[in-house]
Amino acid sequence: MSQNGAQTLRLRRPDTSAPTKQPAPARHTGILQDQLRRSARRPWSPSWTMAIRILLLFRFTAAMYSNIDDCDEVYNFWEPLHFLDRGTGFQTWETSPKYAIRSWAYILLHLLPARAAGLVFKGADKRAAFFAVRIVYALASTLVEATFYRTVHERINERLSFPSTFAMHASTLAFSYAFVPSSLQNNRRVLLATICFAVGGVVGWPFALALAIPFVIEELFVASSDRVTSDSWLSWIQRRWKRLATTGIIASTIFVPVIGIDSLAYGRLTVYNIFGGADRGPDLYGTEPWYFYVLNLTLNFNVLVPLAFGALPALAVTYVVDRKRLGAYSPSSGQSSPFTVLGLRLAPLYVWAGILTLQPHKEERFMFPAYPLVCFNAAEVVFVSVTKSPYKASQSTLFRTFTLSVGVTAGIISLSRIIALGQYYHTPLTVMHHFSSHEVVNLLNTTHLIPPPLPKTAPEDQPRVDITPIKVFNLTLCVAKEWHRFPGHYLVPDGVRVGFVKSEFSGLLPGKFVLPHSSHSSLSLWPWPGTHLVPVDQNDLNREEPSHYTSITDCDYLVDLDFPLRPKESSHEPRYAVQSAVWERVACRPFLDGAHSQLLNLNEFGDYCLLRNKHRVEKKAEWVKKNVSFETLSESKSGM
């Protein structure tokens, strides 16, 4: 600044004598190495936060619109949860204190989001709790998948990174730590991986612990990131074994709250029981051939399945023809081969598929914990087989576009399957929504138990309707042969009883949770004494129990499936949908006739219907009109 206060600006020529040299990009240090120049452009991959945003979009959409694919999810998860939350629900023999197959600790974990939804959406129907639990799972799935993605990106290869039930989430998170090469300097990896595997096995599903076998083998016997000399080998292996034993003891403390909660719930000391006795067990509920999972995985993952199970053979071929693909390596007695380290990360899928294939009883959901591994193994095959390498074959157009072709093909087929599942099998949820949101509201409107709609107001702008007065109708909603597609009490208004009508199915259907007598002690640490009581009408032999049925003459509404193009009926399964003298069609939606549909979109559909017993419902509506009014209901609410 000059003396007169004026500011001056001095310009200087750039110094070109010693140009600044840009540092070379750091080479990726994962197990799989690209054979590229150090200055080559790195492949684009989203950050952890970007992966979170991308995954949230898909997971939240799935939470709101995906189907319920397994009746076991309804009767052994949603129904026990509904009992804890609302005091009613169907009970299977597995939650009877006599058998204690299911863990109440796992159910209790989900009560908080269900209750929170009731507090946030005051006055809303209980479907909010149903979707709140699903959204919590969507968030958990997003977090663990994004964490797993970044681990693969950093520790395996950035070209392999890609975008799950409780055991799947816990196992995925466990692999996020287990995929880091083992080292004596990284105790955090062992502790967190062991805890995640333990939580998935103890709280979720015990068999999921089998996924940890390769992790245990690496920790006990494989040097991985450590360099072990012959002189230090004994002390090294002692430290490794001691560390795994210590973390195992720490992780096993998860048993304490689980056993404590289950013992309180069942009213006796309860340790998770996964074994049946003679002439018992899962085989009573059906068996499948050895290739069941091959077909099922192909249906869900299409072109990725042969790639996933070809991962270890592809790794063996790479070992012979392109050893540098896994980085520079000089074999020594104290250093682990990167092929061994990568092979241990590919092995869990083979272990899991082998164990499940040997079991006669097979279900699609049993494969869920290994779903992320299918994608990981398939990505490894694509990388080691066709990404850029010094060999002429890999420079061809076919090989250069193979990775994109696999991704696009798998994506198109998967998207087509998602659309097909929604179009062909979402109907049970749609029909139940129609019952709660339209039929019940119309019934309350015709009996003047809710205020009339506001004039000149769009439906979406109408105030929320309170459907709790429906309980004065004492309605019974029945399901017959469609019992296995019943979506649960969370989608049925409170005050509507749900019952099973006898069909051709001759196994054991769920009963109702037994409510305790008023003399039951209220001092128990467990506030749901109904879980203590042993129902007398349950068995573990899949033997039919007649007391679990409702007479068709006591049904006000009935959900049934009819195939008009190929009509079929029997004494226990008449065609209710065409009995127009008794049953009135309220809502019918198309449902795929899988047994008579063919490939190339040559599909046949049936009618999935909500039927109304018009005589019973009209009679009840007339009684309500004469004996109940909106004013009396409002007065009773204000006096509570």
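Residues numbered from 1 in each chain as written. Predicted model: local features only at pLDDT ≥ 70, side-chain atom pairs only at ≥ 80, totals over all residues. Heavy atoms only, no water.

**What about the pairing of strand β2 (residues 476-479)?**
Argument step 1. Side chains Thr-476 and Cys-478 of β2 all project onto a buried face; the interleaved residues Leu-477 and Val-479 project onto the opposite face, where all are buried too.
Argument step 2. Where β2 lies against strand β3 (residues 497-500), four bridges are found, and the strand directions are parallel. If you follow Cys-478 over to β3, its bridge partner there is Gly-499.
Argument step 3. Inspection of the sheet shows β2 paired to strand β5 (residues 557-562) by three bridges, in the parallel sense. Each residue of the ladder has a partner; that of Val-479, found in β5, is Val-559. (Buried < 20%, exposed > 50% of the residue type's maximum accessible area, 1.4 Å probe, protein only. Helix = DSSP H or I, 4+ residues; strand = E, 2+ residues; numbered from the N terminus. Pairing = 2+ DSSP bridges.)

**Digging into the sheet that holds strand β6 (residues 583-592)**
Argument step 1. Ordered by their spatial adjacency, five strands build an open sheet running β3-β2-β5-β7-β6, and the pairing between neighbours is mixed. Edge strands, defined here as strands with exactly one partner in the open sheet, are β3 and β6. Sheet twist, expressed as the mean angle between neighbouring strand axes with direction ignored, is 25°.
Argument step 2. Summarising the sheet, β5 and strand β7 (residues 605-613) pair through six bridges and their orientation is antiparallel. (Axes fitted to C-alpha atoms, helices over the stretch in contact; angles between N-to-C directions.)

**A few points about empty space enclosed by the protein**
Argument step 1. Computed from the structure, the second largest cavity encloses a volume of approximately 60 Å³.
Argument step 2. Of all elements in the fold, only α6 (166-178), α8 (213-221) and α14 (338-358) reach the threshold of two or more residues within the lining of the second largest cavity.
Argument step 3. The residue inventory of the lining of the second largest cavity, partitioned by class, reads seven nonpolar, no polar and two charged. (1 Å grid on protein atoms, 1.4 Å probe; cavity = no way out; pocket = protein on both sides within 12 Å on 5 of 7 lines; lining within 4 Å. Points joined across faces, edges and corners; volume = space filled by probe spheres on them. Nonpolar A, V, L, I, M, F, W, Y, C, P; charged D, E, K, R; others polar.)

**Here we look at helix α17 (residues 402-425)**
Argument step 1. For α17, with 24 residues, the first-to-last C-alpha span of 34 Å sits near the 34 Å given by 1.5 Å per residue.
Argument step 2. Residues of α17 that are buried include every one of Val-406, Ala-410 and Tyr-424, and no others. (Expected span 1.5 Å × (residues − 1).)

**Things to note about the environment of Ser-103**
Argument step 1. One can find Ser-103 in the loop between β1 (90-91) and α3 (104-109).
Argument step 2. Under the relative-accessibility criterion, Ser-103 is labelled buried at 7%.
Argument step 3. On a C-alpha basis, the gap between Ser-103 and Asn-76 in space is 9.9 Å, while along the polypeptide they are 27 residues apart.
Argument step 4. In contact with Ser-103, not counting residues within four places along its chain, are Val-258, Asp-262 and Tyr-272.
Argument step 5. A polar atom in the side chain of Ser-103 sits 3.0 Å from the side chain of Asp-262. (Contact = heavy atoms within 4.5 Å. Polar contact = N/O pair within 3.5 Å; in protein donor to acceptor, adjacent residues only side chain to side chain.)

**Thoughts on the pattern of salt bridges**
Argument step 1. Counted according to the given criterion, the structure contains 25 salt bridges.
Argument step 2. Of the charged contacts in the structure, one is a salt bridge between Glu-219 and Arg-189, with a shortest N-O distance of 3.3 Å. Of this pair, Glu-219 sits in helix α8 while Arg-189 sits in helix α7 (residues 187-204); the two residues are 30 residues apart in sequence, bridging distant segments of the chain.
Argument step 3. Residue Glu-219 is classed as buried on the basis of its relative accessible area, which comes to 0%.
Argument step 4. For Arg-189, a relative accessible area of 3% translates into the label buried.
Argument step 5. Beyond isolated ion pairs, a larger network of salt bridges with shared partners links Asp-70, Asp-72, Glu-94, Arg-102, Glu-363 and Arg-365. (Salt bridge = Lys/Arg side-chain N within 4 Å of Asp/Glu carboxyl O.)

**Considering the state of the cysteines**
Argument step 1. All chains considered together, the criterion is met by two disulfides.
Argument step 2. One disulfide bridge connects Cys-478 with Cys-555, the sulfur atoms lying 2.0 Å from each other. The sign of the -90° torsion about the S-S bond sets the Cys-478-Cys-555 disulfide as left-handed. With a gap of 77 residues between them, Cys-478 in strand β2 and Cys-555 in the loop between β4 (511-512) and β5 connect regions that are remote in the sequence.
Argument step 3. Between the sulfur of Cys-588 and that of Cys-609 lies a disulfide, 2.1 Å long from S to S. The sign of the 115° torsion about the S-S bond sets the Cys-588-Cys-609 disulfide as right-handed. Of this pair, Cys-588 sits in strand β6 while Cys-609 sits in strand β7; the two residues are 21 residues apart in sequence, bridging distant segments of the chain.
Argument step 4. The buried category is assigned to Cys-609, whose relative accessible area is 0%.
Argument step 5. The connectivity of the disulfide-linked cysteines in the protein, indexed sequentially, is 1-2, 3-4. (Disulfide = S-S within 2.5 Å.)

**Description of the packing of aromatic side chains**
Argument step 1. Counted by the stated rule, this structure contains 37 aromatic pairs.
Argument step 2. Between the aromatic rings of Tyr-75 and Phe-90, the centroid separation amounts to 6.0 Å while the plane-to-plane angle is 75°, which identifies the pairing as edge-to-face. In this pair, Tyr-75 is assigned in helix α2 (residues 71-86) and Phe-90 in strand β1, connecting sequence segments 15 residues apart. Here Tyr-75 matches Phe-90 in class, with each residue buried.
Argument step 3. Residues Trp-78 and Tyr-490 carry aromatic rings whose centres are separated by 5.9 Å and whose planes lie at 80° to one another, so their mutual orientation is edge-to-face. Assigned by exposure class, Trp-78 and Tyr-490 land together as buried.
Argument step 4. The structure contains a cluster of three or more aromatic residues connected by ring pairs, namely Tyr-75, Phe-90, Trp-483, Phe-486, Phe-500 and Phe-505. (Phe/Tyr/Trp six-rings, centres within 6.5 Å; stacked < 30°, edge-to-face > 60°.)

Spatial relationships are all this shows, so hold off on functional conclusions.
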